[in-house]
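This is what each chain is made of:
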Amino acid sequence: DFLLDKEMGMKRLSSMPDRITNAISLSDGSTIFRPSIISGYSLELISSLEDWWKQWRDFMFRTKVSTYSPDSCNAPEPETVYRLLSPIMRSKYPAITVEEQAISVQLQ
């Protein structure tokens, strides 16, 4: 029901982190994928739900990436994947409440 909830969809709390972390273009021209059945991640690397959960946590909170930017000649400093998430602004997504906007990165 959660994923089919229209109001939740309008808030972008699930779709925004997917959009940002599904496939990340790196500064060396390669791409890294979030451990997921809906990304380009190799499913052969996942042996169980517990294994997937560990890989997902490691990806989000331990993996450092240097992202590609067409505006920069130099590769940016590597940062942990979760730091790529940014606040979801109510001005762009009015369904989100003021309180949810304030903690939107944590809710993602």
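Below or above, wherever it landed, is the structure these notes cover. (Residues numbered from 1 in each chain as written. Predicted model: local features only at pLDDT ≥ 70, side-chain atom pairs only at ≥ 80, totals over all residues. Heavy atoms only, no water.)

A closer look at the overall build of the protein
Using the following cut-off: Working definition: helices are DSSP H or I runs of at least four residues, strands are E runs of at least two. Numbering for both runs from the N terminus. Remark: exposure states derive from per-residue accessible area (1.4 Å probe, protein chains only) relative to the maximum for the residue type, with buried under 20%, exposed over 50%, and partly exposed in between. The sign given to each residue is positive for Lys and Arg and negative for Asp and Glu; His and the chain ends receive no count. A charged residue contributes its charge at one atom only: NZ of Lys, CZ of Arg, CG of Asp or CD of Glu.
Of the regular secondary structure elements, the protein holds five helices and four strands. When the helices and strands of the protein are placed in sequence order, the string is α-α-β-β-α-β-β-α-α. Based on the C-alpha atoms only, the size of the protein along its principal axes is roughly 40 × 35 × 20 Å. Residues classed as buried in the protein amount to 29% of the 108 residues present. Taken together, the 12 basic and 14 acidic charged side chains of the protein have centroids lying 4 Å from each other.

Details of the pattern of salt bridges
Rules: Salt bridges are identified by distance alone: a Lys or Arg side-chain nitrogen within 4 Å of an Asp or Glu carboxyl oxygen.
Per the counting criterion, the structure on display carries five salt bridges. We note a salt bridge from Glu 100 to Lys 11, for which the minimum N-O separation is 2.8 Å. With Glu 100 in helix 4 (residues 98–102) and Lys 11 in helix 1 (residues 6–11), this residue pair connects regions lying 89 residues apart in the sequence. Glu 100 sits in the buried class, given a relative accessible area of 18%. Judged by its relative accessible area of 6%, Lys 11 is buried. Taken together, the salt bridges that share partners define one network made up of Glu 7, Lys 11 and Glu 100.

Concerning the layout of surface pockets
What counts, and what does not: Using a grid of 1 Å spacing that covers the protein atoms alone, one calls a set of points a cavity when a 1.4 Å probe fits there but cannot get out, and a pocket when the set is open and has protein on both sides within 12 Å along at least five of seven lines; lining residues are those with an atom within 4 Å of a point. Grid points are joined across faces, edges and corners, and a volume is the space filled by probe spheres set on the points.
Its volume calculated, the largest pocket comes out at about 400 Å³. In terms of lining, the largest pocket is formed by 20 residues, of which the most central are Ser 14, Pro 17, Asp 18, Arg 34 and Trp 56. Contributions of two or more residues to the lining of the largest pocket are made by helix 2 (15–21) and helix 3 (49–61).

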